[in-house]
Amino acid sequence: MSDIAAALASLLGQDRVATDQATVESHRIDYWVLAHLRAREGRLGPPPACVVQPHDTAEVAAAVRLCQQRGVAVVPYGGGSGVLGGAMPPPGAVVLDLRKMNRLLSLDETSLLAVVQAGMLGSDYERAVQARGYTSAHWPQSIERATMGGLVATRSAGQFSTRYGNIEDLCLGLEVVLPNGEPVRIPAFPRSATGPSLREIFLGSEGALGIVTEVTMRLFPLPERRALASFAFPTFAAGLEAIRRIVRVGWRPPVLRLYDAMETARTFSAWAPSGTHLLLVVSEGPSTLVDVELDAVTGLSEEGTVVGPAPVAHWLEHRNEVPSWDFFFERGLVVDTIEIAATWDRIAHLYHNVLAALQDVPGMLVASAHSSHSYGQGTNLYVTFALKPEDFSRAETSYLDAWSRVMEATLARGGTIAHHHGIGRLRVPWLARELGNAYPVLLALKRALDPANVMNPGALVVPPSP
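Now for a look at the structure at hand. (Residues numbered from 1 in each chain as written. Predicted model: local features only at pLDDT ≥ 70, side-chain atom pairs only at ≥ 80, totals over all residues. Heavy atoms only, no water.)

Right, let's talk about the pairing of strand β17 (residues 364-371) for a bit. Among the eight residues of β17, six are classified as buried, and the element is accordingly described as predominantly covered. Relative to β17, strand β13 (residues 255-259) runs antiparallel, the two sharing two bridges. Within β17, the residue paired with Tyr259 across the bridge is His370. In textbook terms, the turn of a hairpin is the stretch between consecutive antiparallel strands, and for β17 and strand β18 (residues 378-387) this stretch comprises six residues. (Buried < 20%, exposed > 50% of the residue type's maximum accessible area, 1.4 Å probe, protein only. Helix = DSSP H or I, 4+ residues; strand = E, 2+ residues; numbered from the N terminus. Pairing = 2+ DSSP bridges.)

What follows is the structure in structure tokens.
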């Protein structure tokens, strides 16, 4: 046992600290495809020192305080569902696995608020509130693996976001342990004008500014009715224009998902005509609202052909099914997704530019995209690509080339390089260019809160050397 592991065991108890190989190895990577490729090829490097499993905020604070005093890096770990390497610990670091902190603490049916510990899985939280007649309305694809704290720390978006909002709209209060080991509670209000929102500092902070230990979330009554519809458009641009017109005037169906022709053919060929771009629509809420909303959506989708509810029902049933990375590696493939976003005046050009840029990557088999989160001002693109390098030993080079081309094309077209997966370790090189002269503000926050750079170093930002 290393010195830091022994000290933590003495402080918290031996049962809170694990140094066995199985536990340490299971906390070395998250769901980033490149991390899995490196693990498969034995290229991960030295492991973390230990894994700590705190049971409450006080234990998190004590562990962080000790690591701060000894200059040891701390990496928070939830469900390991991040896809950008944000939870990959540096050699010798202490991993704080928060999954023992997994309780729904309270549910206020009058104010529609729930308080939940950060280590509770999103799916467990949803089942708990549904049992009381409510929903979180937050449905990321990772809901079965992601923790509530992880969803906050990565600034996540759910599949029903067009009506209910993303995590920044749903999370009203937080408890956070700062890098100095001090717990801070940010109270929940429907709205407050008490200066800049401190809550926003930690939304999307990825453990680099503090560790989220408790979350206060909005709730919604379970909807009275849900209805499904879909429309096939002749072009992707026509489908985007229909979404723009729908949300522009104030309609907010929870789901508006537009798949390009490639993805439509891959998943919905049983229903959509060949060569078309399929828009899936889910409307829910009071029955009267659903009727009126679907009529309005149908009228505003006049360039499309009505396909019906069947493809939407298929998507709802299979939406969270994802093959393992090994499934692709064994076939000589590397597959990944990249989510970006832009305003309506730029999104169609961004779609074409990004897919064109990916075609120039050696070994690129296919690149496609869909739009899944829309706003009055714009929408996102969820880009999927599959590589089959001629020499699989160069798979990492081709993979990083693909990512670089998408990031560069996005910046060139005035889009944002990240919509809902965060920055992790993969997107760090492009963050300063997107933020421009606001980037030093982020660095100043990092220096002020974590001057020793012990909180998840390498994720989100890389502070300049002193």
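All right, on to the sheet that holds strand β3 (residues 74-77) then. Taken in spatial order, the four strands of this open sheet run β1-β2-β4-β3, and their pairing is mixed. Whereas interior strands pair on both sides, the edge strands pair on one side only; in this sheet they are β1 (17-18) and β3. Strand contacts of helix α1 (residues 3-12): β1, β2 (50-52) and β4 (94-97), with the helix running at about 20° to β2, the strand carrying the most contacts. Across the sheet, helix α4 (residues 57-70) touches β3 and β4, and the angle it forms with β4 is around 170°. (Contact = heavy atoms within 4.5 Å. Axes fitted to C-alpha atoms, helices over the stretch in contact; angles between N-to-C directions.)

Here a ring pair, both rings aromatic, is described through the centre-centre distance and the interplanar angle of the planes. Throughout the structure, instances matching the rule amount to ten aromatic pairs. Relative to Phe220, the ring of Tyr164 lies with its centre 4.8 Å away and its plane at 65°, an arrangement referred to as edge-to-face. Taken together, the positions of Tyr164 in helix α7 (residues 161-164) and Phe220 in strand β11 (residues 220-221) put the pair 56 residues apart, joining distant regions of the chain. The class for Phe220 is partly exposed, based on a relative accessible area of 21%. Taken together, a centroid distance of 5.0 Å and an interplanar angle of 65° make the contact between Tyr259 and Phe268 edge-to-face. An identical accessibility class is assigned to Tyr259 and Phe268; each is buried. Feature note: the residues Tyr31, Trp325, Phe327 and Phe328 constitute an aromatic cluster, connected by ring pairs. (Phe/Tyr/Trp six-rings, centres within 6.5 Å; stacked < 30°, edge-to-face > 60°.)

In this section: the state of the cysteines. Throughout the structure, instances matching the rule amount to zero disulfides. Of all cysteine sulfurs in the structure, the one in Cys50 sits closest to Cys67, which takes part in no disulfide; the separation is 7.1 Å. Owing to a relative accessible area of 0%, Cys67 belongs among the buried residues under this scheme. (Disulfide = S-S within 2.5 Å.)

We now examine the layout of surface pockets. Its boundaries defined by the atoms lining it, the second largest pocket holds a volume of some 700 Å³. Every residue lining the second largest pocket is counted, 29 residues in all, and those nearest its centre are Arg155, Leu203, Gly204, Leu435 and Leu460. Residue assignment for the lining of the second largest pocket shows that the elements contributing at least two residues are α9 (199-202), α17 (428-435) and α18 (439-449). Across the lining of the second largest pocket, the residue classes tally to 14 nonpolar, ten polar and five charged. (1 Å grid on protein atoms, 1.4 Å probe; cavity = no way out; pocket = protein on both sides within 12 Å on 5 of 7 lines; lining within 4 Å. Points joined across faces, edges and corners; volume = space filled by probe spheres on them. Nonpolar A, V, L, I, M, F, W, Y, C, P; charged D, E, K, R; others polar.)

Turning our attention to empty space enclosed by the protein. Scanning all chains against the criterion turns up two cavities of 30 Å³ or more. Approximately 40 Å³ is the volume found for the largest cavity. Around the largest cavity sit Gly122, Tyr125, Ser136, His138, Ile143, Met148, Leu151 and Met217, which together line it. At the level of secondary structure, the elements contributing two or more residues to the lining of the largest cavity comprise α5 (122-130) and α6 (148-153). Residues belonging to the lining of the largest cavity are distributed by class as follows: five nonpolar, three polar and no charged. Around the second largest cavity, the lining residues are Phe233, Ala238, Glu241, Ala242, Arg245, Leu300, Ser301, Glu302 and Glu303. Of the residues forming the lining of the second largest cavity, the biggest block, four residues, is contributed by helix α10 (residues 236-248). The class makeup of the residues in the lining of the second largest cavity is four nonpolar, one polar and four charged.

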